[in-house]
Amino acid sequence: YRIQWANPAARAAGRAPRAEQQGEAVADPPALPEAERAVVGETLETGRSSATELALPDGTSWMIHTSPVRGAASGVDGAVVLSLDITKIRWAEDALRNAHSAVLTARDEERRRLAMDLHDSIAQTLAALHIDMHLGLGSQGLTQDQHEFLLGLAGRAKGLLQEIRQVCYDLY
């Protein structure tokens, strides 16, 4: 970071804490980069503090805080400017967003794969089992108890197949 004064009159006013007075004295706001100069100019004109994030053409990002320095006549004598290079913070945020996106994509792909595996293996096997049970119901020689038992199994297999299909649908 850097602390600088928008003009010598502000430094002469000595209204900032001692640590800030060690900042770089800037002869005139035009010595600042153009984008930063506009932010300082607004503080000098309005007498209000501001905090602005600037993306410069060189690819860097800066957080600019400006505060007016008032003189004895209640006017604005200058401005204190704190500039913080936040480029690495923005890069880290971008990397985090990209990583989060990659995790979400991987999760969605895994869910689709799981849904397809369930459909292609378990659901197909249950469908075949359900059909075989209904074919078995038509067999000769079944007792009434065996027929009812096989009918109950076929109903449970059909219910399980519907549940597996719903899970596949929800996953996909």
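Please refer to the structure higher up on the page.
Conventions we followed
Residues numbered from 1 in each chain as written. Predicted model: local features only at pLDDT ≥ 70, side-chain atom pairs only at ≥ 80, totals over all residues. Heavy atoms only, no water. Helix = DSSP H or I, 4+ residues; strand = E, 2+ residues; numbered from the N terminus. Expected span 1.5 Å × (residues − 1). Buried < 20%, exposed > 50% of the residue type's maximum accessible area, 1.4 Å probe, protein only. Contact = heavy atoms within 4.5 Å. Pairing = 2+ DSSP bridges. Core = buried A, V, L, I, M, F, W, Y, C linked by side-chain atoms within 4.5 Å. Salt bridge = Lys/Arg side-chain N within 4 Å of Asp/Glu carboxyl O. Polar contact = N/O pair within 3.5 Å; in protein donor to acceptor, adjacent residues only side chain to side chain.

**Considerations on helix α5 (residues 144–171)**
Item 1. The end-to-end C-alpha separation of α5 is 41 Å, in line with the 40 Å expected for 28 residues at 1.5 Å each.
Item 2. Turning to α5, its buried residues number three or more, namely Leu 150, Ala 154, Ala 157, Leu 161, Ile 164, Cys 168 and Leu 171.
Item 3. Among the structural elements, α4 (87–137) are those in contact with the buried residues of α5.

**Side note on the pairing of strand β3 (residues 50–55)**
Item 1. Of the pairings in the sheet, the one linking β3 to strand β4 (residues 61–70) comprises six bridges and is antiparallel in character. In the strand pairing of β4, Glu 53 is matched with Met 63.
Item 2. The antiparallel hairpin formed by β3 and β4 contains five residues in its connecting segment, where Gly 59 sits at a positive phi of about 95°.

**Thoughts on the nonpolar core**
Item 1. Core analysis: the biggest nonpolar cluster contains nine residues, these being Ala 115, Leu 118, Ala 123, Leu 126, Ala 127, Leu 161, Ile 164, Cys 168 and Leu 171.
Item 2. For this core, the elements supplying multiple residues, two or more each, are α4 and α5.
Item 3. It is α4 that contributes the most residues to this core, five residues altogether.
Item 4. Apart from the residues lying within four places of it in its own chain, the contact partners of Ala 123 are Leu 118, Leu 161 and Ile 164.
Item 5. Ranked by size, the runner-up nonpolar core spans seven residues in total, among them Val 40, Trp 62, Ile 64 and Val 81.

**Some details on the environment of Ile 164**
Item 1. Counting through the fold element by element, Ile 164 comes out in helix α5.
Item 2. Classification of Ile 164 by relative accessible area gives buried; the value is 15%.
Item 3. Residues Ile 164 and Ile 122 lie 42 residues apart in sequence; the distance between their C-alpha atoms is 7.9 Å.
Item 4. Sequence-distant contacts of Ile 164, that is, excluding residues within four places in its chain, are made with Leu 118, Ile 122, Ala 123 and Leu 126.

**Overview of the pairing of β4**
Item 1. The pairing of β4 with strand β5 (residues 76–85) spans nine bridges and is classified as antiparallel. Paired with Thr 66 across the strands is Val 81, a residue of β5.

**A word on the pattern of salt bridges**
Close approach of charged atoms allows side chains of opposite charge to pair.
Item 1. Taken as a whole, this structure holds six salt bridges when the rule is applied.
Item 2. The partner of Glu 53 in a salt bridge is Arg 90, with the nearest N and O atoms 2.6 Å apart. Of this pair, Glu 53 sits in strand β3 while Arg 90 sits in helix α4; the two residues are 37 residues apart in sequence, bridging distant segments of the chain.
Item 3. Residue class for Glu 53 comes out partly exposed when judged on its relative accessible area of 38%.

**Considerations on the side chain of Thr 60**
Item 1. Tracing the chain through its elements places Thr 60 in the loop between β3 and β4.
Item 2. Here Trp 62 takes part through its side chain, which lies 3.1 Å from a polar atom of the side chain of Thr 60.
Item 3. For Thr 60, the residues in contact, after removing those within four places along its chain, are Leu 54, Ala 55 and Thr 87.

**Describing the environment of Asp 108**
Item 1. Relative to the elements of secondary structure, Asp 108 occurs in helix α4.
Item 2. A relative accessible area of 31% places Asp 108 in the partly exposed class.
Item 3. Residues Asp 108 and Tyr 172, spaced 64 residues apart in sequence, show a C-alpha to C-alpha distance of 8.1 Å.

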